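The primary structure of each chain is shown beneath.
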Amino acid sequence: MKSSIRNIFPNFPDDIIDQWLLPYAISKGWPPQEADGELRGEWRYLLGTSTNLAYWKSIKWSYESVDIQINDLDKSSSESVLQIIGPAVFGIETIMSRSICDLKERFDGIVNYFSEHGIFPVAPVLIRSNGKYKLMDGNHRIAAYFYCSGYITKSPAREIVLKTQTHQSYWIGTEPNKALKAIGAKAHL
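Residues numbered from 1 in each chain as written. Predicted model: local features only at pLDDT ≥ 70, side-chain atom pairs only at ≥ 80, totals over all residues. Heavy atoms only, no water.

### Considerations on helix α7 (residues 103-117)
Line of reasoning, step 1. Taking 1.5 Å per residue as the helical rise, α7 with its 15 residues ought to reach 21 Å, and the 21 Å between its terminal C-alpha atoms agrees with that figure.
Line of reasoning, step 2. When α7 is considered as a whole, its buried residues turn out to be L103, F107, I110, V111 and F114. Down the axis of α7, the smallest arc covering the buried residues is 105°, so these residues share one side. Of the exposed residues in α7, those oriented more than 90 degrees away from the buried face are E105 and E116.
Line of reasoning, step 3. Considering only its buried residues, α7 is in contact with α5 (75-90), α6 (95-99), α8 (139-148), α9 (158-163) and β6 (168-174).
Line of reasoning, step 4. Just beyond α7, the residue with positive phi is G118, at close to 80°. (Helix = DSSP H or I, 4+ residues; strand = E, 2+ residues; numbered from the N terminus. Expected span 1.5 Å × (residues − 1). Buried < 20%, exposed > 50% of the residue type's maximum accessible area, 1.4 Å probe, protein only. Arc of directions from axis to C-beta. Contact = heavy atoms within 4.5 Å.)

### What about the layout of surface pockets?
Line of reasoning, step 1. Space inside the largest pocket adds up to approximately 850 Å³.
Line of reasoning, step 2. Forming the walls of the largest pocket are 26 residues, and the residues nearest its centre are Y24, L46, M136, D137 and N139.
Line of reasoning, step 3. Looking at the lining of the largest pocket, the elements with two or more residues in it are α2 (14-28), α3 (42-47), α5, α7, β5 (132-137) and α8.
Line of reasoning, step 4. Of all the elements, α2 adds the most residues to the lining of the largest pocket, at six residues.
Line of reasoning, step 5. Split by residue class, the lining of the largest pocket holds 11 nonpolar, nine polar and six charged.
Line of reasoning, step 6. Taken together, 14 residues form the lining of the second largest pocket, with Y55, D74, S129, K134 and E175 sitting closest to its centre.
Line of reasoning, step 7. Residue classes in the lining of the second largest pocket are distributed as five nonpolar, five polar and four charged. (1 Å grid on protein atoms, 1.4 Å probe; cavity = no way out; pocket = protein on both sides within 12 Å on 5 of 7 lines; lining within 4 Å. Points joined across faces, edges and corners; volume = space filled by probe spheres on them. Nonpolar A, V, L, I, M, F, W, Y, C, P; charged D, E, K, R; others polar.)

### Remarks on the pattern of salt bridges
Line of reasoning, step 1. Following the criterion strictly, the structure yields 12 salt bridges and no others.
Line of reasoning, step 2. As a salt-bridge pair, E79 and K75 come within 3.8 Å of each other at their nearest N and O atoms. Pair noted here: E79 and K75 are both in helix α5, with a separation of four residues, about one helical turn.
Line of reasoning, step 3. Looking at E79, the relative accessible area reads 41%, which means it is partly exposed.
Line of reasoning, step 4. Residues joined by salt bridges that share partners form a network here, namely K2, R6, D14 and D18. (Salt bridge = Lys/Arg side-chain N within 4 Å of Asp/Glu carboxyl O.)

### A word on the confidence of the model for the protein chain
Line of reasoning, step 1. For the protein chain, the mean per-residue pLDDT works out to 88, and 93% of the residues sit at or above 70.
Line of reasoning, step 2. Within the model, pLDDT remains below 50 along residues 179-189, and this stretch shows one contact once partners closer than five positions in the same chain are excluded. (pLDDT = per-residue confidence, 0-100.)

### Details of the nonpolar core
Line of reasoning, step 1. In this structure, V81, F107, I142 and Y170 are the most contacted members of the largest nonpolar core, which totals 30 residues.
Line of reasoning, step 2. Elements with a minimum of two residues in this core: α5, α7, β5, α8 and β6.
Line of reasoning, step 3. Here the element with the most residues in this core is α8; it accounts for seven residues.
Line of reasoning, step 4. Sequence-distant contacts of V81, defined by excluding residues within four places in its chain, comprise I70, L73, L135, N139, I142, A143 and F146. (Core = buried A, V, L, I, M, F, W, Y, C linked by side-chain atoms within 4.5 Å.)

### Concerning unusual backbone geometry
Line of reasoning, step 1. Going from W30 to P31, the amide bond is cis rather than trans, its omega being 5°.
Line of reasoning, step 2. If you trace the backbone, P31 turns up in the loop between α2 and β1 (34-35).
Line of reasoning, step 3. One non-glycine residue, D36, lies in positive phi territory at about 55°.
Line of reasoning, step 4. Mapping D36 onto the fold places it in the loop between β1 and β2 (38-39).
Line of reasoning, step 5. Owing to a relative accessible area of 78%, D36 belongs among the exposed residues under this scheme.
Line of reasoning, step 6. One non-glycine residue, N130, adopts positive backbone phi at about 55°.
Line of reasoning, step 7. When you line up the elements, N130 lands in the loop between β4 (125-129) and β5.

Below is the structure:
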């Protein structure tokens, strides 16, 4: 299965395939289907409703250590993180807590990892676009990071906050420069 993913996305590092795409490919089927340049089925929501296979083939990946705060995430990503923090930290029921039965357990497991190591167990996958980050894989990890970093009103034990490193490692995808693509398209006219 991994080689089938690699055939479609040769630009994807193995770590991203292993942690993000492979589990979904096994459970949802591979390859993602497209019609009229748009993704179809569940892959449309897993990869993004405004993307297609050509978009993902054009992404350039880098492994970076950065300090990301909630305001650095795009609107849908920050809302997703808050949908995890609400039930996991404050006991507030959300759409996410109703659809992910082990939400709190997953969150707590990552908090425990931060309490021992101060870093993510696995680097989340983000896309940098228009000055913001779109969270593609690692919602629970990012939510636990914001909690363990003391970025929300209720924090864990002081030792965890002090141990949690502000700069964390992420897989960050960058879209091709749209201005350069437009210039290239005009040059071919």
